[in-house]
Amino acid sequence: MRKPQRSEELLIDGSVGKLEALLEVPEPASAAAVVCHPHPLHGGTMHNKVAHTLARAFLSAGFVTLRFNFRGVGNSEGEFDDGEGEVADVLAAVRYLREQSAERPLWLAGFSLGAAMATRAAVDAHAAGLVTVAPATSRFGGTLLVQPDCPWLIVHGEDDELVPVDETIDWVNSLDPGPELIVLSKTTHFFHGKLVELRECVREFVERNLMPVGEIGSD
C-alpha cells in the first residue's frame, strides 16, 4: 500500500468561516480527491473509519487526498445547516484542492450523508469521478436534477440497517445510464469487518476509470 509522503493539518476558507482539513500527498501523484464524512449530528467526522478507508483507497491509487470537517465539526467554524451549507463546504474543499492540484483530475467521494453531499456537489464541481458509499439517497434522490456526467460508483452493504439497500437499488434503476452499483454481502452500514473489501473495490474502480493527466481535454 502506497503511503502519503506528506500529511498536513490545515484550515481552509469556507463560506461561513474556516474548515478543518487534512491533506495527504503521495509520490508520485496522478489525481486528486475530496472525501466527505458522515452525518455531523451522529458523530461523523473526517476521522470516521469509512471516510478514512476511502482516503486510503485514493492514496493507494496515487491521489492527493483532502478530508475535511463540515461546518460545526471539530475545529470547523459555523454550525450544521441540514445539508444545504454542507454542499457549499464540499465546493470550498474542491476550490482549495484545485488550487493545490490544478493540473490533476479531481474526484469526489463520501460516506452516508457525506455521499449525498458529494453527489449534490459533483455537477457544479465538474468532478472527474464520484464514489459514494451507503449514500443517503433521501438527501438527493428526488432533487438531483442533473446526473453527474462522470464515472460513478455506489457501494452499499447488503444488511445496511440505516439506509436500506433496496431504496438505493430502486433509485439506481430509475437513472439512465446510472452509476455502477456494488452490493457487499453480509455488510452493515458501517462496514464492520469489510473495510479492506471496501477499500479494494473502490481502488479497482478508480484505477479503471482514471484518465491520465496527458489525456485531459484531448479529443
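Note that this is a predicted model, so its numbers are computed, not measured.

A short note on a nonpolar patch on the surface
At step 1: On the surface, a cluster of nonpolar side chains totalling about 300 Å² of accessible area is made up of V123, L145 and V146.
At step 2: Looking at the secondary structure, you find L145 in the loop between β6 (129-133) and β7 (152-157).
At step 3: Overall, the relative accessible area of 82% leaves L145 in the exposed class.

Examining the pattern of salt bridges
At step 1: Under the counting rule described, the total for this entry stands at 13 salt bridges.
At step 2: In this structure, E84 and R120 form a salt bridge, with 3.1 Å as the shortest nitrogen-oxygen distance. Linking E84 in the loop between β4 (63-68) and α2 (85-100) with R120 in helix α3 (residues 113-125), this pair joins segments that are 36 residues apart in sequence.
At step 3: Exposure remark for R120: the relative accessible area of 26% places this residue in the partly exposed category.
At step 4: The partner of E200 in a salt bridge is R203, with the nearest N and O atoms 2.5 Å apart. Of the two residues, E200 and R203 are both situated in helix α5 (residues 195-209); the distance of three residues between them amounts to about one turn of the helix.
At step 5: For E200, a relative accessible area of 26% corresponds to the partly exposed category.
At step 6: Via salt bridges that share partners, R199, E200, R203 and E207 belong to a single interconnected network.

Let's talk about helix α1 (residues 49-60)
At step 1: A rise of 1.5 Å per residue sets the reference length of α1, with its twelve residues, at 16 Å; its end C-alpha atoms lie 16 Å apart and thus fit the reference within 8%.
At step 2: Across the twelve residues of α1, ten count as buried, placing the element largely inside the fold.
At step 3: Among all positions in α1, only V50, A51, T53, L54, A55, R56, A57, F58, L59 and S60 are buried.
At step 4: Of the surrounding secondary structure, the elements contacted by the buried residues of α1 are β2 (17-25), β3 (31-36), β4, β5 (106-111), β6 and α5.
At step 5: For α1, the side-chain oxygen to backbone nitrogen distance between the N-cap and V50 is 2.8 Å, and the N-cap itself is N48.

Overview of the nonpolar core
At step 1: Within the largest apolar cluster, 39 residues are counted, with the highest numbers of intra-cluster contacts made by F68, V90 and L108.
At step 2: Among the elements that line this core, the one with the most residues is α2, at eight residues.
At step 3: Apart from residues lying up to four places away in sequence, V90 is in contact with C36, F68, F70, L108, M117 and A121.
At step 4: Judged by nonpolar contacts, the second largest core, of 25 residues, contains A57, F63, V133 and C201.

Some words on the packing of α1 against α5
Between two packed helices, what matters for the description is the angle formed by their axes and the separation of those axes.
At step 1: One can describe the packing of α1 onto α5 by two numbers: an axis separation of 8 Å at closest approach and a directional angle of 40 degrees. In terms of orientation, α1 and α5 fall into the oblique class. In the packing of α1 onto α5, the handedness of the crossing is right-handed. Here K49, V50, T53, L54, R56, A57, F58 and S60 of α1 lie close against α5, whose contacting residues are L195, L198, R199, V202, R203, V206 and E207.
At step 2: Of the residues belonging to the contact of α1 with α5, the class tally is eight nonpolar, two polar and five charged.

The rules behind each value
Residues numbered from 1 in each chain as written. Predicted model: local features only at pLDDT ≥ 70, side-chain atom pairs only at ≥ 80, totals over all residues. Heavy atoms only, no water. Patch = residues over 30% accessible without salt bridge, like charges linked within 9 Å, V, L, I, M, F, W, Y side chains within 5 Å. Areas by Shrake-Rupley, 256 points an atom, 1.4 Å probe, with all protein chains shown as cover. Salt bridge = Lys/Arg side-chain N within 4 Å of Asp/Glu carboxyl O. Helix = DSSP H or I, 4+ residues; strand = E, 2+ residues; numbered from the N terminus. Buried < 20%, exposed > 50% of the residue type's maximum accessible area, 1.4 Å probe, protein only. Expected span 1.5 Å × (residues − 1). Contact = heavy atoms within 4.5 Å. Polar contact = N/O pair within 3.5 Å; in protein donor to acceptor, adjacent residues only side chain to side chain. Core = buried A, V, L, I, M, F, W, Y, C linked by side-chain atoms within 4.5 Å. Axes fitted to C-alpha atoms, helices over the stretch in contact; angles between N-to-C directions. Parallel < 35°, antiparallel > 145°, perpendicular 65-115°, else oblique. Left-handed = near helix turned anticlockwise from the far one by under 90°. Nonpolar A, V, L, I, M, F, W, Y, C, P; charged D, E, K, R; others polar.

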